[in-house]
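# Results of the structural survey
One-letter residues, chain by chain:
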Amino acid sequence: MNARSQTFEVSVEGRQIEEVVLSLLHTLLFHRTTGKFHYKQEGTYAIGTVGMVDVDCDFIDFTYVRCHSAELDRVLRKEVTAFRDSLRSSDGRLSNGQISLEFYQKKKNRWPFPDESIPWEVWTIQINNVTLSNEHERQLYREKLGEILGEKVICITEAMGRHDYLPKVPNQPLLDTVFDVSFPDVQPYLFKISHQTSGPANTSVGTTMRKLLRDTLAL
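Residues numbered from 1 in each chain as written. Predicted model: local features only at pLDDT ≥ 70, side-chain atom pairs only at ≥ 80, totals over all residues. Heavy atoms only, no water.

### Quick notes on the nonpolar core
Put simply, the rule reads: Throughout, nonpolar core names a set of buried Ala, Val, Leu, Ile, Met, Phe, Trp, Tyr and Cys residues whose side chains join them through atoms within 4.5 Å. Relative accessibility under 20% of the residue-type maximum defines a buried residue, over 50% an exposed one, and the middle range a partly exposed one, all with a 1.4 Å probe and only protein chains included. Helix and strand assignments come from DSSP, with helices taken as H or I runs of at least 4 residues and strands as E runs of at least 2, each series counted from the N terminus. Whether two residues are in contact is decided by their heavy atoms: any pair within 4.5 Å suffices.
Counting 47 residues, the largest nonpolar core has Val20, Val21, Leu25, Ile127 and Phe191 as the members making the most contacts within it. Among the secondary structure elements, those contributing two or more residues to this core are strand 1 (4-12), helix 1 (17-31), strand 6 (63-67), helix 2 (70-86), strand 7 (95-107), strand 8 (116-129), helix 3 (135-161) and strand 10 (191-200). Look past the residues within four positions of Ile127 in its chain and what remains in contact with it is Val10, Val12, Ile17, Val20, Val21, Phe83, Leu87, Asn96 and Gly97.

Okay, here's the thing in structure tokens:
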């Protein structure tokens, strides 16, 4: 089975990395998470609710929604912090990089063979680090980046609304082959996060960024 894939590319200042990545990962998982399954007897179950929390960003004019799960938020923040730290070299310079969220299901094999992980959807966020020259540019881009993230969230919502493949809900003994049942309050589809660096960042504002800022000034 070929996994669906989607890539977003975002240019950010160093201090905006965590908020940009968290806002997109949390949006994705909000749409790929269910309430906990409560089984009454084999084949019948009730699904719990998924609460939601509004999160206001500090360095971007943007508010996003995440699942009301402290443990899921902790897991994501740990991964995103590791990604951010991997982009910063020992001399303080920032590299570009990408972080991927992969949804997968397990295929159990007979002993002694290990279970297989079969991806069915992969989302990648490419981060390009830039340095803005003054506080005026930072304020303009703070607003522009909020608009860009809003467009990405709409794109995610539209993609999630399509009738594409989702793993079938299995019987209770195989529930952990499709869902991560380790969280106490929510039940996301099985996922893994990976990241890598992709070379040194530009130290100054590039042509595309300057065009964005000019367009913002013209409004």
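Now that the structure has been shown, the text picks up again.
### Comments concerning the side chain of Lys152
For clarity, the cut-off: Charged residues are defined narrowly, with Lys and Arg counted positive, Asp and Glu counted negative, and His plus the chain ends left uncounted. When a carboxyl oxygen of Asp or Glu lies within 4 Å of a side-chain nitrogen of Lys or Arg, that pair is called a salt bridge.
Among the structural elements, Lys152 can be located in helix 3. For the buried Lys152, no salt bridge exists, and the shortest N-O distance to an oppositely charged side chain is 6.1 Å, to Glu151. Other than its neighbours up to four places away in sequence, Lys152 contacts Phe8, Glu9, Val10 and Leu24.

### Points about the pattern of salt bridges
Applying the stated criterion to the full structure yields 16 salt bridges. Among the ionic pairs, Asp73 bridges to Arg77, the shortest N-O distance being 3.0 Å. Placement of both Asp73 and Arg77 in helix 2 is noted, with a separation of four residues, approximately one turn of the helix. Classification of Asp73 by relative accessible area gives buried; the value is 11%. In this structure, Asp115 and Lys108 form a salt bridge, with 3.7 Å as the shortest nitrogen-oxygen distance. The class of Lys108 is partly exposed, set by a relative accessible area of 44%. Linked through salt bridges whose partners overlap, the residues forming this network are Arg4, Arg32, Glu121, Arg162 and Asp164.

### Remarks on helix 2
Keep this limit in mind: The length a helix should cover is 1.5 Å for every residue beyond the first. To obtain the arc, one takes the directions from the helix axis to the C-beta atoms.
Compared with an ideal rise of 1.5 Å per residue, which puts 17 residues at 24 Å, helix 2 spans 24 Å between its outermost C-alpha atoms and is within 8% of the ideal. Where helix 2 is concerned, the buried positions are Leu72, Asp73, Leu76, Val80 and Phe83. Looking straight down helix 2, one finds its buried side chains confined to an arc of 90°; they lie on one side. Opposite the buried face of helix 2, by more than 90 degrees, sit the exposed residues Ala70 and Lys78. Tucked into the core, helix 2 has its buried residues touching helix 1, strand 2 (33-34), strand 6, strand 7, strand 8 and strand 10.

### Description of the sheet that holds strand 10
Our working rule: At least two bridges found by DSSP between two strands is the condition for calling them paired. Fitting a line to C-alpha atoms yields each axis, with helices limited to the stretch in contact; the angle taken between N-to-C directions then spans 0 to 180 degrees.
Reading across from one edge, 1-8-7-10 is the order of the four strands in this open sheet, with mixed pairing throughout. Two strands in the sheet have a free side with no partner beyond their single neighbour: strand 1 and strand 10. The sheet shows a mean angle of 20° between the axes of neighbouring strands, direction not considered. Strand contacts of helix 3: strand 1 and strand 8, with the helix running at about 175° to strand 1, the strand carrying the most contacts.

### With respect to the packing of helix 1 against helix 2
What counts is decided by this rule: Here roughly perpendicular refers to angles of 65 to 115 degrees, roughly parallel to angles under 35, roughly antiparallel to angles over 145, and oblique to all remaining angles. Crossings are sorted by hand: turned counterclockwise from the far helix by less than a right angle, the near helix makes the crossing left-handed, and turned clockwise it makes it right-handed.
Running from N to C, helix 1 and helix 2 cross one another at 140°; their axes reach a closest spacing of 10 Å. In terms of axis orientation, helix 1 runs oblique to helix 2. Helix-helix and strand crossings are classified by hand; for helix 1 and helix 2 the assignment is right-handed. The residues of helix 2 that touch helix 1, namely those facing Ile17, Glu18, Val21, Leu22, Leu25, His26 and Leu29, are Leu72, Asp73, Leu76, Arg77, Val80, Thr81, Phe83 and Arg84.

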